Amino acid sequence: MNQKFVGEFYVLGYNPERLGMHVRPTPSYLIPTEEKLEFQARYGLHHFIGPWTAERQHVTGVYRLRGALSFRPVIRIEGQQDLKLAFGTSRPDDVLHALEELGYPVTEKLVW
């Protein structure tokens, strides 16, 4: 049975027009499976944007992020092909545990 976690999905990237990083939070669900991580927009936004997926074979690291992205704790997802995603959630330990059980490379590393 697939679990569904509530939070905010962040796309992390470089914005050359603003000469720096940009972060776009989207109220989302994280639906992890053994094959992929899927992020679906909430509040009817899924009809217009998303879903976003990260295939399991491209994910090289999952860890908890400390910083100012959100008032909630944030889970960072990194991988091949410039994969840089984040998911803000009030249940970071539950998310990390579920991803670890599904075989994702979860580490105890905390990053600022």
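Coordinates for the structure precede this section.
Every value quoted in this text rests on a predicted model; they were computed, and no experiment measured them. (Residues numbered from 1 in each chain as written. Predicted model: local features only at pLDDT ≥ 70, side-chain atom pairs only at ≥ 80, totals over all residues. Heavy atoms only, no water.)

A. View of the overall build of the protein chain. Check the secondary structure of the protein chain and you find one helix and eight strands. Across the 112 residues in the protein chain, those meeting the buried criterion constitute 39%. Residue pairs in contact within the protein chain that sit at least 24 positions apart in sequence constitute 46% of those at least 6 positions apart. Summed over its atoms, the accessible surface of the protein chain is roughly 7,000 Å², and 51% of this surface lies on carbon and sulfur atoms. (Helix = DSSP H or I, 4+ residues; strand = E, 2+ residues; numbered from the N terminus. Buried < 20%, exposed > 50% of the residue type's maximum accessible area, 1.4 Å probe, protein only. Contact = heavy atoms within 4.5 Å. Areas by Shrake-Rupley, 256 points an atom, 1.4 Å probe, with all protein chains shown as cover.)

B. Just the side chain of Ser28, in detail. For Ser28, the position within the fold is in strand 2 (residues 20-32). Among the residues examined, Ser28 registers a relative accessible area of 0% and is labelled buried. Setting aside chain neighbours within four positions, we find Ser28 in contact with Phe5, Val6, Gly7, Glu8, Phe9, Gln40, Ala41, Arg42, Trp52 and Phe87.

C. Seen up close, the packing of aromatic side chains. Summed over the entire model, instances satisfying the criterion amount to three aromatic pairs. With a centroid separation of 4.4 Å and 35° between ring planes, the pair formed by Phe9 and Phe39 is classed as tilted. In this pair, Phe9 is assigned in strand 1 (residues 5-15) and Phe39 in strand 3 (residues 36-41), connecting sequence segments 30 residues apart. The same class applies to Phe9 and to Phe39, which are both buried. Taking the centre distance of 4.7 Å and the plane angle of 25° together, the rings of Phe9 and Trp52 count as stacked. With Phe9 in strand 1 and Trp52 in strand 4 (residues 52-55), this pair connects stretches of sequence that are 43 residues apart. A relative accessible area of 1% means that Phe9 is categorised as buried. The exposure class assigned to Trp52 is partly exposed, which follows from its relative accessible area of 24%. What links up through ring pairs into an aromatic cluster is the set Phe9, Phe39, Trp52 and Phe87. (Phe/Tyr/Trp six-rings, centres within 6.5 Å; stacked < 30°, edge-to-face > 60°.)

D. Looking closely at the pattern of salt bridges. By the definition in use, this model includes four salt bridges. We note a salt bridge from Glu38 to Lys36, for which the minimum N-O separation is 3.3 Å. Classification of Glu38 as buried rests on a relative accessible area of 15%. For Lys36, a relative accessible area of 28% puts it in the partly exposed group. (Salt bridge = Lys/Arg side-chain N within 4 Å of Asp/Glu carboxyl O.)

E. Inspection of the nonpolar core at higher detail. Within the largest apolar cluster, 19 residues are counted, with the highest numbers of intra-cluster contacts made by Leu37, Phe39, Val59, Val62 and Ile77. When contributions to this core are tallied by element, the ones reaching two or more residues are strand 1, strand 3, strand 5 (59-65), strand 6 (74-79), strand 7 (83-88) and helix 1 (92-101). With four residues, helix 1 is the largest single contributor of residues to this core. (Core = buried A, V, L, I, M, F, W, Y, C linked by side-chain atoms within 4.5 Å.)

F. Structural view of the environment of Asp94. Relative to the helices and strands, Asp94 resides in helix 1. Residue classification places Asp94 among the partly exposed residues on the basis of a relative accessible area of 39%. A distance of 2.9 Å separates a polar atom in the side chain of Asp94 from a polar atom in the side chain of Arg91. (Polar contact = N/O pair within 3.5 Å; in protein donor to acceptor, adjacent residues only side chain to side chain.)

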